[in-house]
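Here's the letter readout for the chains.
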Amino acid sequence: MNIEDLHNLQNDPYNYALRLKKEGGKKVVGYFCSYTPEELIFAAGATPFRIFGTRSTINLADAHLQSYCCSPVRIALEEALSGKTTVLDGIVFPHTCDSIQRLSDIWRLNVPLPFHIDVVLPVKLNSESAREYMIDVLHKFMKELEKNLEVKITEEALRHAIALYNKIRESIKTISDMRLINPSLLKGSDFYSIVKSSMIMDRNDLAQILSHIIQDLGAKKETPDVTFRKRLVLTGAMCNHPDFYQIVEDGGGVVVWDDLCTGSRYFEGQLDSTGDPVISIAERYLHRIECPAKHSGLSTRAENLLDIVQNKNADGVVFLIHKFCDPHSFDYPYLKKHLDNERIPNTLIEMEDQASIGERLKTRFEAFLEMI
Amino acid sequence: MAEKDPEKEKRKIKAVARMKEIMTTYYIEAKMAEGTGKKVAWITSGGPVEPLIVMDVIPIYPENHGAMIGASKMGADLCEKAEIMGFSRDLCSYARSDIACAPINAGPIGGLPKPDMLICCNNICGTVLKWYEIQARHFNAPLFILDTPFCHTEFSKEAKKYVLKQLYEYIAFLERNCGKPFDYDKMKEVGRLSVEGQRLWRAVLDTAAHKPSPLSAFDAFFHLAMIVTLRGTQVVVDYYAALLNEMNERITAGIGAIPNERYRLLWDNLPIWYRTKWLSEKFASYDACLVADTYTSAWCGVLKYIDENDFLNTIAEAYSRIYLNIGIDQMADEILSIVDRYDVNGIVMHSNRSCKPYSLGQYDIQKIIREKRGIPSLIIEADMVDERSFTESQIETRIDAFMEVMRGT
Ligand code: SF4
Ligand code: SF4
């Protein structure tokens, strides 16, 4: 598999899942959000498969969700109602925002799959009782997986999963670092395609592919790109628009880092491979920078964003927020204020998954790039 | 027209005056708290207010502030102010309008009294978490989050243990911020009063089972504030006891909330605060009375989980299983039981742009009710506070069409 294949994978992930089941005899378990403890699904012998929308129009989901629900949720339901997700052996909903919460209910009542598990994680992450509850919930989830997949999750399998996930996350981080030094090595759209594929592919295959990519990139003898590029940081939920990176690069910019759940929030944070495996998984969630649907402090996200800008020597920040997204929209003014106070240029792009980045936004964004 | 006045007078609920008096005194006391050394805590509508009463802290309930803003038609203006502050128009208008008031002391009562602490229980939504974070930053006041795991299909034993632990963390938080120990004996008394208040509120709402119903959901919206804010005090018990008496007297005298009750409807979701009068008159013109709703009964729907002799230990479950913290199939079950209890023959659902946990899933609930009881329902899309999201002509047409269907059934 090469990068081109990874892009293709994004266009039809369900076909890939089908092949995985047929050829590899593997079970495939769908999930939402980077708060799904993938390691446990993997240790149960199944492939965790994150649901990303591939649809461009909504029809069937309109009978279940109002127009003021965000596009990722509406598209996910559309995929399911149109039969795309029948390939899945089960689905896992971690608790995050109000919209995903209700999507889980609607899905459970309308999309028949062999199993449906809600992982009701704590919302608060910074207290002793929340830590305990997080660990309890992971154990509960493990039992539910065992029951539904009819397997026993052994300690050995857990340790193996942790080692593999550490390797995968480390590899993605290495690729990201290589790009930071020499942005011309890998396009932004390629990099984010790698991250997203990591949430879909057979994880053993993935680990190998990532090693190959690192080797290939290392072998490229191109002299580092010295052209001046405006260094941008993205922050928000996720970015499902490959053309967005193209616009950035055409405009003379480069994405140097992000605070996205399809980016650094996914691959940052190693698991402790020596201690109790379940506690290690819990600790990563408790200490990783939180998504705005969770709480670990009143200023953690702003501090993290400022740190990123400083450490990555960024010139500006782009907020990528889905229309109708409550958690991110509530955090925007406070994050913006912190950036403004430090005179860090920033702009907001409100997007919808099914629409392409509109001309108006494109023009506005180009103007922003010129300005910084 | 002349003879219409006594007719209207007869239908007016007398307790309203007393309610206004109590709420005014309460807000005045709260606004003057700074001078008296009493502490003020902001708390979400679904949060356990009882420990605050034990600690002699004045509870302030910003969602009620939102409702007042909506009812006094200041919503659109304040929501716009929030948009200038950078808050998207698609966010909850209670949050938006309250956030806009804080820095400039705007709104119907010139801003809420400043909080010494904030208590956020997320059993109603994720919005309150963000809203309270914002206000905690603004007022630089300590925030306690009571995290009540969502009950899609169950309230797990893991969740029960977690919530219970947090109740004691909550008490420790109060002790720290009030600088005095928690009085567990007083808690027993407050717990008893809370349960009594909830029982009386339930009894008041239940009088609507009578035909004609002595009160409508619009009345219930008005009388709700006290059970939310002052639950656990004698005032509430006395007030609802008097209100219950008045309702029973109306039943004896045959006085209904509307003149000729022919249709009995159920209201789902929050009220449209700036249009309650218009809506109630509109429905009354069709002889339709909104006899029940899912919103006001949320404050007594979980009584079954509370043991008044073991209040603290049993409210963990009660506070976690309230109406908005359960799966939509359980919500549909609740609605079905209300339909049966009050003999409802039609449903009006407010698809409320502000409130995603309440509104997303309504279409499925509507379908379940149609399948199980075969009763018609109407969905009107609006917003509880932001008048800009209310299109009168369109809503009127939909109500007219719906009432035609009702007449035909
Ligand atoms: S875009 Fe926002 S509202 Fe939608 S699912 Fe993601 S976090 Fe939730
Ligand atoms: S209206 Fe809905 S979203 Fe707003 S505070 Fe109330 S429950 Fe939360």
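Please read these numbers as outputs of a predicted model, since none were measured by experiment. (Residues numbered from 1 in each chain as written. Chains lettered and ligands numbered in written order. Predicted model: local features only at pLDDT ≥ 70, side-chain atom pairs only at ≥ 80, totals over all residues. Heavy atoms only, no water.)

Caption draft 1: Representation of the site of ligand 1 in the model. Residue and element names in this part refer to chain A. Surveying the vicinity of ligand 1 reveals the residues Cys70, Pro72, Val73, Cys97, Ser99, Ile100, His322 and Cys325. For the shell around ligand 1, the secondary-structure elements that each account for two or more residues are α4 (71-81) and α5 (98-110). Class assignment of the residues belonging to the shell around ligand 1 gives a composition of six nonpolar, two polar and no charged. (Near = heavy atom within 4 Å. Helix = DSSP H or I, 4+ residues; strand = E, 2+ residues; numbered from the N terminus. Nonpolar A, V, L, I, M, F, W, Y, C, P; charged D, E, K, R; others polar.)

Caption draft 2: How the structure looks around the sheet that holds strand β6 (residues 288-293) of chain B. All names here are of chain B. Within the open sheet, the four strands sit side by side as β6-β5-β7-β8. Their pairing is parallel. At either margin of the open sheet sits one strand with a lone partner, and together these are β6 and β8 (377-382). Pairwise comparison of adjacent strand axes, ignoring direction, gives a mean angle of 30° for this sheet. Note that strand β7 (residues 346-352) and β8 share six bridges and pair parallel. Within β8, the residue paired with asparagine 352 across the bridge is alanine 382. Taken strand by strand, helix α13 (residues 276-284) contacts β5 (263-268), β6, β7 and β8, and its axis lies near 125° from that of β6. (Pairing = 2+ DSSP bridges. Axes fitted to C-alpha atoms, helices over the stretch in contact; angles between N-to-C directions. Contact = heavy atoms within 4.5 Å.)

Caption draft 3: Geometry of the environment of valine 405 of chain B. As for its placement among the helices and strands, valine 405 of chain B is situated in helix α18 (residues 392-408). Residues valine 405 of chain B and isoleucine 338 of chain B lie 67 residues apart in sequence; the distance between their C-alpha atoms is 21 Å.

Caption draft 4: The interface of chain B and chain A, seen in detail. The interface of chain B with chain A comprises 55 residues on the first partner and 48 residues on the second. Roughly 4500 Å² is buried in total at the junction of chain B and chain A, and carbon and sulfur atoms are behind 57% of that figure. Area buried by chain B at its contact with chain A is led by His152, Lys356 and Leu360 of chain B, which between them contribute 15% of it. On inspection of chain B and its partner chain A, the count reaches eight salt bridges. At the junction of chain B with chain A, the criterion picks out 28 residue pairs in polar contact (both at pLDDT 80 or more). Those elements giving two or more residues to the side of chain B that touches chain A turn out to be α7 (93-101), α8 (127-139), β4 (143-146), α9 (157-178), α15 (328-342), β7, α16 (356-359) and α17 (362-373) of chain B. In terms of residue class, the side of chain B that touches chain A is made up of 24 nonpolar, 15 polar and 16 charged. (Buried area = accessible area lost by both parts, 1.4 Å probe. Salt bridge = Lys/Arg side-chain N within 4 Å of Asp/Glu carboxyl O. Polar contact = N/O pair within 3.5 Å; in protein donor to acceptor, adjacent residues only side chain to side chain.)

Caption draft 5: Structural context of the site of ligand 2. Neighbouring ligand 2 are Cys92, Ile124, Cys125, Thr127, Val128, Trp131, Leu324, Ser354, Cys355 and Met384 of chain B. In terms of residue class, the shell around ligand 2 is made up of eight nonpolar, two polar and no charged.

Caption draft 6: Representation of the confidence of the model for chain B in the model. The share of residues in chain B with pLDDT of 70 or more is 99%, and the mean pLDDT across the chain is 94. For this predicted complex, the interface score ipTM comes out at 0.96, alongside a pTM of 0.96. (pLDDT = per-residue confidence, 0-100.)

Caption draft 7: Main features of the packing of helix α5 (residues 62-71) of chain B against α7 of chain B. Residue and element names in this part refer to chain B. Two elements in contact, α5 and α7, have axes separated by 9 Å at closest approach and are oriented at 95°. It follows that α5 is roughly perpendicular to α7 by the angle criterion. Across from Pro62, Glu63, His65, Gly66, Ala67 and Ile69 in α5, the residues of α7 making contact are Tyr94, Ser97, Asp98 and Cys101. Considered class by class, the residues forming the contact of α5 with α7 number five nonpolar, three polar and two charged. (Parallel < 35°, antiparallel > 145°, perpendicular 65-115°, else oblique.)

Caption draft 8: Focus on the pairing of strand β1 (residues 27-31) of chain A. Residue and element names in this part refer to chain A. Within β1, four of the five residues are buried, leaving the element largely enclosed by the surrounding structure. Summarising the sheet, β1 and strand β2 (residues 46-50) pair through five bridges and their orientation is parallel. Within β2, the position partnered with glycine 30 by the bridge is phenylalanine 49. Crossover β1 to β2 through helix α3 (residues 38-43) is right-handed. With three bridges joining them, β1 and strand β3 (residues 90-94) adopt parallel strand pairing. Bridge assignment links glycine 30 to a residue of β3, and that residue is isoleucine 91. (Buried < 20%, exposed > 50% of the residue type's maximum accessible area, 1.4 Å probe, protein only. Right-handed = clockwise from strand over helix to strand, strands pointing away.)

Caption draft 9: View of the packing of aromatic side chains. As enumerated under the stated definition, the model contains 31 aromatic pairs over all chains in all. Residues tryptophan 257 of chain A and phenylalanine 267 of chain A carry aromatic rings whose centres are separated by 5.8 Å and whose planes lie at 80° to one another, so their mutual orientation is edge-to-face. Of the two residues, tryptophan 257 of chain A sits in strand β6 (residues 253-259) while phenylalanine 267 of chain A sits in helix α11 (residues 264-267), which places them 10 residues apart along the sequence. Here tyrosine 26 of chain B and tyrosine 27 of chain B contribute two aromatic rings whose centre-to-centre distance is 4.8 Å and whose plane-to-plane angle is 55°, an arrangement assigned as tilted. Accessibility classification places tyrosine 26 of chain B together with tyrosine 27 of chain B in one group, the buried group. By the ring-pair criterion, three or more aromatic residues cluster together here, those being Phe191, Tyr192, Phe244, Tyr245, Trp257, Phe267, Phe365 and Phe368 of chain A. In this arrangement the basic side chain of arginine 284 of chain A is found over the ring face of tyrosine 285 of chain A, its NZ or CZ atom lying 5.9 Å from the centre. A cation over an aromatic ring shows up here: lysine 323 of chain A above the ring of phenylalanine 324 of chain A, its NZ or CZ 4.6 Å from the ring centre. (Phe/Tyr/Trp six-rings, centres within 6.5 Å; stacked < 30°, edge-to-face > 60°. Lys NZ or Arg CZ within 6 Å of the ring centre and 35° of its normal.)

Caption draft 10: Representation of the environment of valine 237 of chain B in the model. Residue and element names in this part refer to chain B. With respect to the secondary-structure elements, valine 237 resides in helix α12 (residues 234-253). With 18 residues separating them along the chain, valine 237 and aspartate 219 place their C-alpha atoms 18 Å apart. Among all residues touching valine 237, those that are not within four sequence positions of it are Leu193, Glu196, Gly197 and Leu200.

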